[in-house]
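So the chains spell out like this:
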Amino acid sequence: MTIAGRNWAGSYEYAAPGLVAARTVEEARAAIRRAHREGGRVRALGTRHSFTDLPDTTGTLVSVLDLEPDPQLTPAGTVAVSAGVRYGVLAGWLEQQGRALHNLGSLPHISVAGATATGTHGSGLGNGVQSTALRAIEYLGADAEPHRVEPGDPDFPALAVGLGAFGVVTRVELATQPSYRMRQDVYSGLGWDALLADPRAVLGAAYSVSVFMSWGAELDGQVWRKARLDRDGEEAPETVLDARRRDDDLVGIAEGLEVDNLTEQGGRPGPWNLRLPHFRADATPSAGAELQTEYFVPFELAAEALAALRPLGELIRSRLLVTELRTTAADDLLLSGSSGRETLAIHFTWQRDLEGVGAIVPEIEAALAPLGARPHWGKVHGLDAAGIARVTPGLAAAREVFERVDPEGMFSNAHLERLGVRLPR
Ligand SMILES: Cc1cc2nc3c(=O)[nH]c(=O)nc-3n(C[C@H](O)[C@H](O)[C@H](O)COP(=O)(O)OP(=O)(O)OC[C@H]3O[C@@H](n4cnc5c(N)ncnc54)[C@H](O)[C@@H]3O)c2cc1C
């Protein structure tokens, strides 16, 4: 076992020879200063929920997970908080203050810094990725000095989904709004014809909607409808297209998967932070022995994208645990998967079989290439620098910012160089 150990899924062992779990910003600064003196590299490590060598380094990993979260509501209506805080912790605190975030990902255990660094998202045609809530980013740069950027600063669109490529983010400010209540209802029996005929009617059926499916000949998809009572109304429809509302207490994400770790369903109203994530913050989420892959296509091409993958159904099913479809609003962050376009996110949770999954991923990428599919930065994919450049109009501008703020490449690594996010050194 290396010093830093493995990622959450156990699929990657960090090679970094050093790991500093900073308890104060001063300790993080000291680690960067030391690396600078010795000519070594640094990468920030979050809660390890990415699936590849993305956070790894030949130098020192710096974690800010142990900083006191110290959440503070500001007069501007934002919350300032240490960047290593997990969403579940922050969301619970905000709910106690009568405030809320606009959205959450499926899992409340992931750190805010790590999630925003890769453009992590929840669902909802009106909901931007988690990084769109950033109202300030405080980070330690290669000079080990604190820096702060806000929306409106020229570098902000590059740094808001910044892949740790420019420094260690220590504190953020996020937009908040008054707390809201939600209900979560599960519908089953969604068919291919209905989904392909009108993806917007399914995925736009409420504030946040996920479709779980397995690419079978009969789709038999599940629709998870997360409705805001103040916007979508207190009642839930009996059907979403041909999918019917279930009256069971809890319906699992897929056949055979655990239900005890899921947030409440069955239409019982509750606060936003206990309905938006699929998994409960106080329970162990999915087993961990899995891989994930996800592609972002323009929502207007949703039906084409699904139809392009449908013939691969048998191949996909050979290693699939489940597919989830979600949506996001367009944004203007250079490296966001939703940059410049309303998006359909097509996600695959796989068995943890790197070789088997490695044989399927290129087939999926070939089918989706004509549609300009972008990969999730934190998940398994096979695109190289040319492939990333083709689908990421903001890549060159983002790289220019990273190279300017970190000219010696302290926060670069092999992964970022392979994808063209940083220059090769
Ligand atoms: C079970 C599971 C569920 C998931 N659900 C979703 C989901 O619903 N939606 C979705 O979009 N994705 C999802 N993901 C993917 C996950 O959100 C991303 O991989 C995210 O980047 C992980 O954050 P982390 O804190 O674990 O970061 P890590 O995996 O530790 O690092 C990821 C990146 O963030 C950078 N980073 C971390 N901390 C900092 C910091 N302090 N400063 C600067 N950069 C930093 C790292 O350098 C690295 O580049 C899921 C993953 C798992 C395993």
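Refer to the structure above for everything that follows.
Peer 1: I tried to follow the site of the ligand on my own but got confused; where do I start?
Peer 2: Lining the immediate surroundings of the ligand are 35 residues, of which A44, G46, H49, S50 and S111 lie closest. The contact in question runs from an oxygen atom of the ligand to an N or O atom on the side chain of T120, over 2.8 Å. Within the backbone of L163, one N or O atom sits 3.1 Å away from an oxygen atom of the ligand. Alone, the ligand offers 970 Å² of accessible surface; in the complex the protein occludes 98% of this. At the level of secondary structure, the elements contributing two or more residues to the shell around the ligand comprise strand 2 (42-45), helix 3 (112-117) and strand 9 (168-175). Considering each element in turn, the shell around the ligand owes the most residues, four residues, to helix 3. Here the residues of the shell around the ligand sort into 15 nonpolar, 16 polar and four charged.

Peer 1: Quick question: what am I supposed to make of the sheet that holds strand 2 here?
Peer 2: Strand pairing in a sheet takes place through backbone hydrogen bonds and is either antiparallel or parallel in direction. Across the sheet, three strands lie side by side as 1-3-2; this open sheet has parallel pairing. Both edges of this open sheet fall to strand 1 (18-21) and strand 2, since each of them pairs with a single strand only. Each neighbouring strand pair of the sheet contributes to a mean axis angle of 25°, computed without reference to strand direction. As paired strands, strand 2 and strand 3 (residues 60-63) are joined by four bridges and run parallel to one another. Of the residues in strand 3, the one forming a bridge with R43 is L61.

Peer 1: Would you mind showing me how to read the packing of aromatic side chains here?
Peer 2: Given two aromatic rings, one states the distance between the centres and the angle between the planes to describe the pair. On inspection of all chains with the given rule, the structure shows nine aromatic pairs. Ring plane angle 15° and centroid distance 6.0 Å describe the contact between W215 and F348, whose orientation is recorded as stacked. Residue W215 is located in the loop between strand 12 (208-213) and strand 13 (221-228), and its partner F348 is located in strand 19 (residues 343-351); the two are separated by 133 residues in the primary sequence. Among the aromatic residues, those joined into a ring-pair cluster are W192, W215, F348 and W350. For R228, the ring lying beneath its charged end belongs to Y180, and the centroid distance is 3.7 Å.

Peer 1: Is there a simple way to explain unusual backbone geometry in this structure?
Peer 2: It is generally the case that most residues other than glycine have a negative phi and that most peptide bonds are trans. At A144, a position not held by glycine, the phi torsion is positive, near 65°. Positive phi, close to 55°, is recorded for L163, a residue that is not glycine.

Peer 1: Where do I start with the packing of helix 8 (residues 302-309) against helix 10 (residues 354-368) in this structure?
Peer 2: Helix-helix packing is described using two parameters, namely the angle between the two axes and the distance between the axes. Between helix 8 and helix 10, whose axes approach to 9 Å, the crossing angle comes to 140°. Here helix 8 lies oblique to helix 10, going by the angle between them. You can see that helix 8 and helix 10 cross each other, and the crossing is right-handed. Contacts from A305, A308 and L309 in helix 8 reach I364, A367 and L368 in helix 10. Residue classes in the contact of helix 8 with helix 10 are distributed as six nonpolar, no polar and no charged.

Peer 1: For this particular structure, what's the right way to read the sheet that holds strand 8 (residues 146-149)?
Peer 2: If you walk across this open sheet you meet the five strands as 4-5-9-7-8, and the pairing is antiparallel. Each edge of the open sheet is held by one strand with a lone partner, namely strand 4 (72-73) and strand 8. Relative to strand 9, strand 7 (residues 134-140) is paired through six bridges, and the arrangement is antiparallel. Bridged to I137 within strand 9 is V172.

Peer 1: Looking at this structure, how should I read the nonpolar core?
Peer 2: Note on soluble globular proteins: their nonpolar side chains tend to be buried together. Formed by 49 residues in total, the largest nonpolar core has its most connected members in L90, I137, L159, L174, W272, L335 and V421. Secondary structure elements with two or more residues in this core: strand 5 (78-82), helix 2 (87-96), helix 3, strand 7, helix 4 (156-159), strand 9, helix 11 (385-391) and helix 12 (395-405). V240, L291, I360 and L371 belong to the second largest nonpolar core, which has 45 residues in total.

About the criteria used
- Residues numbered from 1 in each chain as written.
- Predicted model: local features only at pLDDT ≥ 70, side-chain atom pairs only at ≥ 80, totals over all residues.
- Heavy atoms only, no water.
- Near = heavy atom within 4 Å.
- Polar contact = N/O pair within 3.5 Å; in protein donor to acceptor, adjacent residues only side chain to side chain.
- Areas by Shrake-Rupley, 256 points an atom, 1.4 Å probe, with all protein chains shown as cover.
- Helix = DSSP H or I, 4+ residues; strand = E, 2+ residues; numbered from the N terminus.
- Nonpolar A, V, L, I, M, F, W, Y, C, P; charged D, E, K, R; others polar.
- Pairing = 2+ DSSP bridges.
- Axes fitted to C-alpha atoms, helices over the stretch in contact; angles between N-to-C directions.
- Phe/Tyr/Trp six-rings, centres within 6.5 Å; stacked < 30°, edge-to-face > 60°.
- Lys NZ or Arg CZ within 6 Å of the ring centre and 35° of its normal.
- Parallel < 35°, antiparallel > 145°, perpendicular 65-115°, else oblique.
- Left-handed = near helix turned anticlockwise from the far one by under 90°.
- Contact = heavy atoms within 4.5 Å.
- Core = buried A, V, L, I, M, F, W, Y, C linked by side-chain atoms within 4.5 Å.
- Buried < 20%, exposed > 50% of the residue type's maximum accessible area, 1.4 Å probe, protein only.

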